[in-house]
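In case you want the letters, here they are:
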Amino acid sequence: MKNSTYLLIFFLAISLISCEEVIDLDLEESEPRLVIDASVIWYLNTEGNEQRITLSKTTGFYEDEIEPVIDAQVSIEADDGEEFIFEHQDQGIYTNNNFNPRFEENYSLEINYKEEIYTASSSFVPVPGIDFIEQNDEGGFTREDLEIEPFFTDPEGEENFYLFTFRDFSISKLSLEIYEDEFTDGNQVSATYSDEDLAAGDEVFVTMEGISEAFYNYLFILRSQGGDNGGGPFQSQPATVKGNIINETNPENYPFGYFRLSEADSTSYIIQ
């Protein structure tokens, strides 16, 4: 009887293996759209004159390589009429080394690509800067992970929104965190970053940026759609999240991406 049971399990396993089949889904294809990475970052204690904008096109689900856009005209103009031309360098990267960042000045982006004009406008958002960083050896959800906390002092009486970027090159991970000061106005508060793979000797690069409320909401929606469950074959598809860049020539052919100007502070911390 025992041998019969083993044989039954064996043949059941064989039948399950033989039923495996690789299925390639025939996904609906659409015309490629322009993807615009137009984040103008002005780091504290720098002139902020060297700026870059990256252009690419959307690709198919099964394609790994990003297709750069190399034949566009890109410029930013300040309200006082000063214009900054971004020249293409390589792989869809357009640069300007004479940018003039100023607060209380509105800037307008214009991109001419395939006889269509894309535009957006924004202004610089200041940042208070990072005061110091502390390490907590009992952090994370399990209270067993290493955690670092960059502290900063939020300006009192203002609505402020922040983006923190944590880069740990030793484990090739990038983490983005967004914060708003609705309940912490005027206080010294901290952002947090933890990961189960963090180890002593790892160097984590921390960047803090001041961002607008509109960009905060944009990132919040993107993060909400990303979720933590990884999706599934029967999960409803997320809605398209549009940025603040519009196609003046053909609104239906809208781009992906965002135009923003942020003051930023950055530092690094070595895990103890």
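The rules behind these values
- Residues numbered from 1 in each chain as written.
- Predicted model: local features only at pLDDT ≥ 70, side-chain atom pairs only at ≥ 80, totals over all residues.
- Heavy atoms only, no water.
- Salt bridge = Lys/Arg side-chain N within 4 Å of Asp/Glu carboxyl O.
- Helix = DSSP H or I, 4+ residues; strand = E, 2+ residues; numbered from the N terminus.
- Buried < 20%, exposed > 50% of the residue type's maximum accessible area, 1.4 Å probe, protein only.
- Phe/Tyr/Trp six-rings, centres within 6.5 Å; stacked < 30°, edge-to-face > 60°.
- Lys NZ or Arg CZ within 6 Å of the ring centre and 35° of its normal.
- Pairing = 2+ DSSP bridges.
- Contact = heavy atoms within 4.5 Å.
- Core = buried A, V, L, I, M, F, W, Y, C linked by side-chain atoms within 4.5 Å.

- By the naming in an unreviewed UniProt entry, the chain goes by DUF4249 domain-containing protein and is assigned to Salegentibacter salarius.

### Side note on the pattern of salt bridges
Phase 1 of the analysis: Scanning the entire structure with this criterion turns up seven salt bridges.
Phase 2 of the analysis: Where E82 meets R102, a salt bridge forms, and the shortest distance between an N and an O atom there is 3.1 Å. Highlighted residues: E82 in the loop between strand 4 (73-78) and strand 5 (83-90) and R102 in the loop between strand 6 (93-96) and strand 7 (106-113), separated in sequence by 20 residues.
Phase 3 of the analysis: Using a relative accessible area of 30% as the deciding quantity, one classes E82 as partly exposed.
Phase 4 of the analysis: On the basis of relative accessible area, R102 is assigned to the partly exposed category, the value being 24%.
Phase 5 of the analysis: One salt bridge in this structure joins D195 and K173, with 3.1 Å as the shortest N-O distance. Remark: K173 occurs in strand 12 (residues 173-180) and D195 occurs in strand 14 (residues 193-195); sequence separation between them is 22 residues.
Phase 6 of the analysis: Residue classification places D195 among the buried residues on the basis of a relative accessible area of 13%.

### A look at the packing of aromatic side chains
Phase 1 of the analysis: Under the counting rule described, the total for this entry stands at 20 aromatic pairs.
Phase 2 of the analysis: Through a chain of ring-to-ring contacts, three or more aromatic side chains come together here, namely W42, F84, F99, F103, Y107 and F124.
Phase 3 of the analysis: Over the aromatic face of Y254 sits the side chain of R33, whose NZ or CZ is 3.9 Å from the ring centroid.
Phase 4 of the analysis: The ring of Y254 has K242 lying over it, and the distance from NZ or CZ to the ring centre is 4.1 Å.

### Details of the pairing of strand 4
The side chains of a regular strand alternate, first on one face of the sheet and then on the other.
Phase 1 of the analysis: Direction of pairing for strand 4 relative to strand 7: antiparallel, over a ladder of six bridges. Bridge pairing in strand 7 links S75 to E110.
Phase 2 of the analysis: Hairpin connection between strand 4 and strand 5: a loop of four residues separates the two successive antiparallel strands, and G81 in this loop has a positive phi of roughly 100°.

### Structural notes on the pairing of strand 10 (residues 145-153)
Phase 1 of the analysis: For strand 10, the buried fraction is high: eight of the nine residues fall into the buried class.
Phase 2 of the analysis: Here strand 10 runs beside strand 14; their pairing, made up of three bridges, is antiparallel. The residue bridging I148 from the neighbouring strand is Y193, located in strand 14.
Phase 3 of the analysis: Bridging between strand 10 and strand 13 (residues 188-190) involves three bridges; their strand directions are antiparallel. Paired with F151 across the bridge in strand 13 is S190.

### Some words on the environment of T54
Phase 1 of the analysis: Within the secondary structure, T54 is located in strand 2 (residues 51-57).
Phase 2 of the analysis: Separated by 15 residues in the primary sequence, T54 and V69 have C-alpha atoms spaced 8.3 Å apart.
Phase 3 of the analysis: Among all residues touching T54, those that are not within four sequence positions of it are V35, I36, D37, G92 and I93.

### With respect to the nonpolar core
Phase 1 of the analysis: Core analysis: the largest hydrophobic core is formed by 26 residues, its most contacted members being L55, I111 and F259.
Phase 2 of the analysis: Counting only elements with at least two residues in this core, the list comes to strand 1 (34-43), strand 2, strand 4, strand 5, strand 7, strand 8 (116-125) and strand 17 (256-270).
Phase 3 of the analysis: In contact with I111, not counting residues within four places along its chain, are L34, I36, L55, A72, Q73, V74, E116, I117 and Y118.

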